[in-house]
Amino acid sequence: MPDGATLQTGIGAVPSMVAALLAAGTGGGYGIHSEMFTTGLMRLHQAGKVTNRKGQYDGVSVCTFAAGTRELYDWLDGNDEVIFLPVDLVNSPETIGRNPSMVTINAALAVDVHGQVVADTIAGSQFSGIGGHEDFVAGPALALDDRSILCLPSTYTDKAGQVRSRIVPWFEAGTVITTPRHLVDLVVTEHGVAELAGRTVHQRGEALAAVAAPEFREELLAAAARASGGRSPVV
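Residues numbered from 1 in each chain as written. Predicted model: local features only at pLDDT ≥ 70, side-chain atom pairs only at ≥ 80, totals over all residues. Heavy atoms only, no water.

Q: Would you explain the overall build of the chain in this entry?
A: In terms of helices and strands, the chain carries eight helices and 17 strands. Rg of the C-alpha trace for the chain: 18 Å, near the compact-globule value of 18 Å for 235 residues, within the 12% margin. For the chain, the spread of C-alpha atoms along the three principal axes comes to 55 × 40 × 35 Å. Per-residue burial for the chain yields a buried fraction of 48% across its 235 residues. Across the chain, every contact between residues at least 6 apart in sequence was considered, and the portion connecting residues at least 24 apart equals 62%. A total accessible area of about 11,100 Å² is found for the chain, and carbon and sulfur atoms account for 55% of it. Side-chain charges of the chain comprise 16 positive and 25 negative groups, with the mean position of each set lying 5 Å from the other. (Helix = DSSP H or I, 4+ residues; strand = E, 2+ residues; numbered from the N terminus. Rg over C-alpha atoms; globule rule 2.2 N^0.38 Å. Buried < 20%, exposed > 50% of the residue type's maximum accessible area, 1.4 Å probe, protein only. Contact = heavy atoms within 4.5 Å. Areas by Shrake-Rupley, 256 points an atom, 1.4 Å probe, with all protein chains shown as cover. Lys, Arg positive; Asp, Glu negative; His and termini not counted. Charge placed at Lys NZ, Arg CZ, Asp CG, Glu CD.)

Below, the structure written as structure tokens:
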């Protein structure tokens, strides 16, 4: 996370933790351009890490709504360091991409070997809202010095107590995709970082297999090999 980066954090524990770590870290000079303003982003302000020298909306953090603690809402009340703007301005990919060194941090529920992302449904049923998930992946894709980061744990435990991979060979019929594969940049799990931008389908699958839980990697590598050359990964 370079000094002077413009930050966006989405909903979820991981983006909030990243904001808290940045507040406690040695970096600074950050700008904020985020659909949602969170308690973590407030901590960045309180730590003196935010300067908002972005070249657009200079001097203020930009958002559309706030969600967090009572302390956050009291801090925002009458605070001229934060400006609330219409969502069509804040979530415009072109506007997002114009921010210097834009870094967006959002959560995901599942990813397939192509890099398709599910972030708002589980087994096709609505779990949360789409929000600005795709917008804040598409915006950084417009500039070479911008990055979008999608974070998820590599596994989950189903109702039967079986450990399942969140990185899958393919999505089952009826799965609802939140963010398309061609926009996705970085996918992060507890096993590392998969860099997908600019890679072939086979390379993307291999990178994702490397950050999956070890017991699922062989299956994912086989699916990535099947998907190369424009073929289907489905057995």
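Q: Mind showing me how you'd approach helix 7 (residues 201–210) here?
A: Buried within helix 7 we find R204, G205, A207, L208 and A209. Lining the buried residues of helix 7 we find strand 8 (110–112), strand 15 (167–168), strand 16 (186–189), strand 17 (192–195) and helix 8 (217–227).

Q: Help me understand the environment of A66 in this model?
A: Tracing the chain through its elements places A66 in strand 5 (residues 65–66). The exposure class assigned to A66 is partly exposed, which follows from its relative accessible area of 22%. For A66, the residues in contact, after removing those within four places along its chain, are F37, L72, Y73, L76 and F84.

Q: Can you walk me through the pairing of strand 1 (residues 6–9) in this structure?
A: Every regular strand shows the same layout, with side chains that alternate between the two sheet faces. Where burial is concerned, the two faces of strand 1 agree: the one with T6 and Q8 and the one with L7 and T9 are both buried. Inspection of the sheet shows strand 1 paired to strand 2 (residues 31–32) by two bridges, in the parallel sense. Its bridge partner being in strand 2, L7 is matched across the sheet by I32. In terms of handedness, the path from strand 1 via helix 1 (residues 13–24) over to strand 2 forms a crossover that is right-handed. Here strand 1 runs beside strand 7 (residues 102–107); their pairing, made up of four bridges, is parallel. If you follow T6 over to strand 7, its bridge partner there is M102. (Pairing = 2+ DSSP bridges. Right-handed = clockwise from strand over helix to strand, strands pointing away.)

Q: Looking at this structure, how should I read the packing of helix 7 against helix 8?
A: Geometry of a packed helix pair, given as the angle between the helix axes and the separation of the axes. The N-to-C vectors of helix 7 and helix 8 enclose an angle of 175°; their axes lie 8 Å apart at closest approach. Taken together, the axes of helix 7 and helix 8 lie roughly antiparallel to each other. From helix 7, V201, H202, G205, E206, A209 and A210 reach across to helix 8, where they touch R217, L220, L221, A224, A225 and A227. Considering only residue class, the contact of helix 7 with helix 8 consists of eight nonpolar, two polar and two charged. (Axes fitted to C-alpha atoms, helices over the stretch in contact; angles between N-to-C directions. Parallel < 35°, antiparallel > 145°, perpendicular 65-115°, else oblique. Nonpolar A, V, L, I, M, F, W, Y, C, P; charged D, E, K, R; others polar.)

Q: Teacher, can you tell me more about the packing of aromatic side chains here?
A: Two aromatic rings are characterised by how far apart their centres lie and by the angle between their planes. If you walk through the whole model with that rule in mind, you get one aromatic pair. Taken together, a centroid distance of 5.9 Å and an interplanar angle of 15° make the contact between F37 and W75 stacked. Highlighted residues: F37 in strand 3 (residues 36–37) and W75 in helix 3 (residues 70–76), separated in sequence by 38 residues. (Phe/Tyr/Trp six-rings, centres within 6.5 Å; stacked < 30°, edge-to-face > 60°.)

Q: I keep staring at the nonpolar core and nothing clicks. Help me out?
A: In globular proteins that are soluble, nonpolar side chains generally tend to be buried together. Within the largest apolar cluster, 23 residues are counted, with the highest numbers of intra-cluster contacts made by V187, A194, L196, L208 and L220. For this core, the elements supplying multiple residues, two or more each, are helix 6 (135–138), helix 7 and helix 8. Apart from the residues lying within four places of it in its own chain, the contact partners of L220 are V113, I167, V168, P169, A209 and A212. Judged by nonpolar contacts, the second largest core, of 20 residues, contains A23, L76, I105 and C151. (Core = buried A, V, L, I, M, F, W, Y, C linked by side-chain atoms within 4.5 Å.)

Q: Can you walk me through the sheet that holds strand 2 in this structure?
A: Remark on secondary structure: sheet strands pair via backbone hydrogen bonds, oriented parallel or antiparallel. Taking strand neighbours across the sheet as the criterion, the six strands line up as 2-1-7-12-16-17 in an open arrangement whose pairing is mixed. The open sheet has two edge strands, strand 2 and strand 17, and neither has a second partner.

Q: Would you explain the packing of helix 1 against helix 2 (residues 39–46) in this entry?
A: Interaxial distance between helix 1 and helix 2 falls to 8 Å at its minimum, and their mutual angle equals 10°. Here helix 1 lies roughly parallel to helix 2, going by the angle between them. For the pair helix 1 and helix 2, the contacting residues are A19, L22 and A23 in the first and G40, L41, R43 and L44 in the second. Looking at the contact of helix 1 with helix 2 residue by residue, the classes come out as five nonpolar, one polar and one charged.

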